[in-house]
Amino acid sequence: MTARILDGRPVAARLAEDLSARSATVAARIGAAPELAILRLDDEEGSGVYAQSVARAARKVGIEPRVVNPSPSSSADDIAELIRGLNGDGRVAGVVIAQPLPPRLASPSLVDLIDPAKDVDGATSVNAGRVSRGEPALAPATARAVMEILRYYEIPIAGRRAVVVGRSPVIGRPVAHLLLAADATVTICHRRTPDLAGETSRAELLVVAAGEPGLIGAGMVAPGCVVIDCGISVRSEGVVGDVHFAAVAEFAKAITPVPGGVGPVTAMTLVAQAVAAAEGLPD
Ligand code: NAP
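The present account deals with the structure reproduced in this document. Sequence positions are assigned chain by chain, starting from 1 and proceeding in written order. It should be noted that, the model being predicted, local features are given only for residues of pLDDT at least 70 and side-chain atom pairs only at 80 or more, the latter also being counted only at that level, while totals for whole chains, interfaces and linings use all residues. Values shown for side chains rest on all heavy atoms present in the structure; no hydrogens or waters enter the calculation.

## Examining the pairing of strand β2 (residues 35–39)
Thought 1: We call a residue buried when its accessible area falls under 20% of the maximum for its residue type, exposed when it is over 50%, and partly exposed in between, using a 1.4 Å probe and counting protein chains only. We count a stretch as a helix when DSSP gives it H or I for four or more residues in a row; a strand needs E for two or more, and each element gets its number in order from the N terminus. Of all the five residues making up β2, five are buried; the element is thus mostly covered by neighbouring parts of the structure.
Thought 2: Burial along β2 is two-sided: the face carrying Glu35, Ala37 and Leu39 and the face carrying Leu36 and Ile38 are both buried.
Thought 3: Examined bridge by bridge, β2 and strand β3 (residues 64–68) share five bridges and lie parallel to one another. Each residue of the ladder has a partner; that of Leu39, found in β3, is Val68.
Thought 4: Assignment of crossover handedness uses the view with strands pointing away from the viewer, where a clockwise path from the first strand over the helix to the second indicates a right-handed crossover. Since β2 and β3 lie parallel, the crossover through helix α3 (residues 45–60) that links them has a hand, and here it is right-handed.
Thought 5: Here, any two strands with at least 2 DSSP bridges between them count as paired. In this sheet, strand β4 (residues 92–97) lies alongside β2 in parallel orientation, the contact comprising five bridges. For Ala37, the partnering residue across the bridge sits in β4 and is Val95.

Next up, the structure:
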């Protein structure tokens, strides 16, 4: 293997370094620990795992998680009322809706009720717009986590040919905008891209967020490429990414593992954005 392994754990640890002190300063000012509201809109295992991992990261840095799990029969109006209440609550620094959302509630208009200043997972149209304009914003945590990994390992971005596989609002689109803002030349690929291998093999920096295990194989990556694999799929052999790790690591310059790459950085990035939002809470 020639690739440098881009371990996410030291990146998360570096991000966490000053967060406890900063949240303690906010707690002293507002008279209580700032809270991160995690809205679980179903009782499925997936949203439970998400809520737990965010809550764990929050506690580590002195942010109090408040998991809100309304009855599964709640209407969109009930949830809207709940979100408005959290927006107006002076102890709540951030509001996230646990992924995945139940299909009946997965509407941008519901997410857009979150106050953009408390939208610590960059889910609202306001923050998506700011990210797309290259303005400072609370960005989707996974997209921001990719940038944190590149920064920690001092991987140059400006002037590089970056290829992003995936165009979801959660990862692909925002990461493409963040790379563009960092002066990369960016190509975005999706299912209708006719020659995916042709596009990916021109990349100097490849970010994959497709949700298809093994999508990116050895013949699709140029020697010397830096590969960031955001994919998380649970298979009988364990958690796997979108990149055929063993094959690509033979000649890539650097690669994130799955698990242990983007995942651990994502939760801490979200919490870092919650601390930043807490600093904006009024006394
Ligand atoms: P998504 O909403 O399903 O989007 C997947 C994107 O990949 C779509 O744009 C899709 O193209 C594209 N795609 C899928 N198969 C493709 C193929 N064969 N060729 C080209 N493009 C393809 O998924 P997501 O929410 O962005 O998540 C992507 C992955 O990241 C999943 O494995 C998810 O579990 C993982 N994830 C990781 C983290 C983390 O912290 N590391 C956080 C969230 C999600 P179309 O638009 O044409 O359909």
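## Describing the side chain of Asp119
Thought 1: Tracing the chain through its elements places Asp119 in the loop between α5 (108–111) and α6 (125–132).
Thought 2: Arg130 is the oppositely charged side chain nearest to the buried, salt-bridge-free Asp119, at an N-O distance of 7.6 Å.
Thought 3: Pairs of N or O atoms are called polar contacts if they sit within 3.5 Å, as long as, within protein, a hydrogen donor faces a hydrogen acceptor (for residues adjacent in sequence, only side-chain-to-side-chain pairs). A polar contact of 2.8 Å, which involves the side chain of Asp119, links it to the side chain of Asn127.
Thought 4: By definition, residues are in contact when any of their heavy atoms lie within 4.5 Å. Setting aside residues up to four positions removed in sequence, Asp119 forms contacts with Val95, Ile114, Thr124, Asn127 and Leu138. Positive charge is attributed to Lys and Arg, negative charge to Asp and Glu, and no charge count is given to His or to the chain ends. Salt bridges are defined by distance alone: a side-chain nitrogen of Lys or Arg within 4 Å of a carboxyl oxygen of Asp or Glu.

## Section: the packing of helix α7 (residues 141–152) against helix α11 (residues 262–279)
Thought 1: A fitted line through C-alpha atoms represents every axis, and for helices the fit uses only the stretch in contact; the resulting angles, taken between N-to-C directions, go from 0 to 180 degrees. Relative to each other, α7 and α11 sit at 110 degrees, their axes nearing to 8 Å. By the angle between their directions, the pair α7 and α11 is classed as roughly perpendicular. Mapping the contact onto sequence places Ala141, Thr142, Arg144, Ala145, Glu148 and Ile149 in α7 and Val262, Val265, Thr266, Thr269, Leu270 and Gln273 in α11.
Thought 2: When residue character is reported, Ala, Val, Leu, Ile, Met, Phe, Trp, Tyr, Cys and Pro are called nonpolar, Asp, Glu, Lys and Arg charged, and the others, Gly included, polar. The residue inventory of the contact of α7 with α11, partitioned by class, reads six nonpolar, four polar and two charged. Our angle categories are set so that under 35 degrees counts as roughly parallel, over 145 as roughly antiparallel, 65 to 115 as roughly perpendicular, and the remainder as oblique.

## Details of the sheet that holds strand β5 (residues 161–165)
Thought 1: Taken in spatial order, the six strands of this open sheet run β1-β11-β8-β7-β5-β6, and their pairing is parallel. Each of the sheet's edge strands pairs with one partner strand only, and the pair in question is β1 (4–5) and β6 (185–189).
Thought 2: Relative to strand β8 (residues 226–229), strand β7 (residues 205–208) is paired through four bridges, and the arrangement is parallel. From the neighbouring strand, Leu206 faces β8, where its bridge partner is Val227.
Thought 3: α7 contacts β7 and β8 of the sheet and is inclined by roughly 145 degrees relative to β8.
Thought 4: Set on the sheet, helix α8 (residues 172–181) makes contact with β5, β6 and β7; between it and β5 the angle comes to about 170 degrees.

## Quick word on unusual backbone geometry
Thought 1: The peptide bond linking Gln99 to Pro100 adopts the cis configuration, its omega dihedral lying at -10 degrees.
Thought 2: Topologically, Pro100 is positioned in the loop between β4 and α5.
Thought 3: One non-glycine residue, Glu154, lies in positive phi territory at about 55 degrees.
Thought 4: Locating Glu154 in the fold gives a position in the loop between α7 and β5.
Thought 5: One non-glycine residue with positive phi stands out, namely Asp183, at about 75 degrees.

## Let's talk about the site of the ligand
Thought 1: Residues in close proximity to the ligand total 20 residues, the closest being Arg167, Ser168, Arg191, Ile232 and Thr266.
Thought 2: Taking Ala209, its main chain carries an N or O atom lying 3.5 Å from an oxygen atom of the ligand.
Thought 3: Within the side chain of Thr266, a nitrogen or oxygen atom sits 2.9 Å from an oxygen atom of the ligand.
Thought 4: Compared with its free state, where it exposes 920 Å², the ligand has 74% of that area covered by protein.
Thought 5: Counting residues per element, the shell around the ligand draws most heavily on α11, at three residues.
Thought 6: In the shell around the ligand, the residues fall into nine nonpolar, eight polar and three charged. We call a residue near a molecule or strand as soon as one heavy atom of that residue lies within 4 Å of the molecule or strand. The method behind every accessible area is Shrake-Rupley, applied with a 1.4 Å probe, and residues are considered shielded solely by the protein chains displayed.

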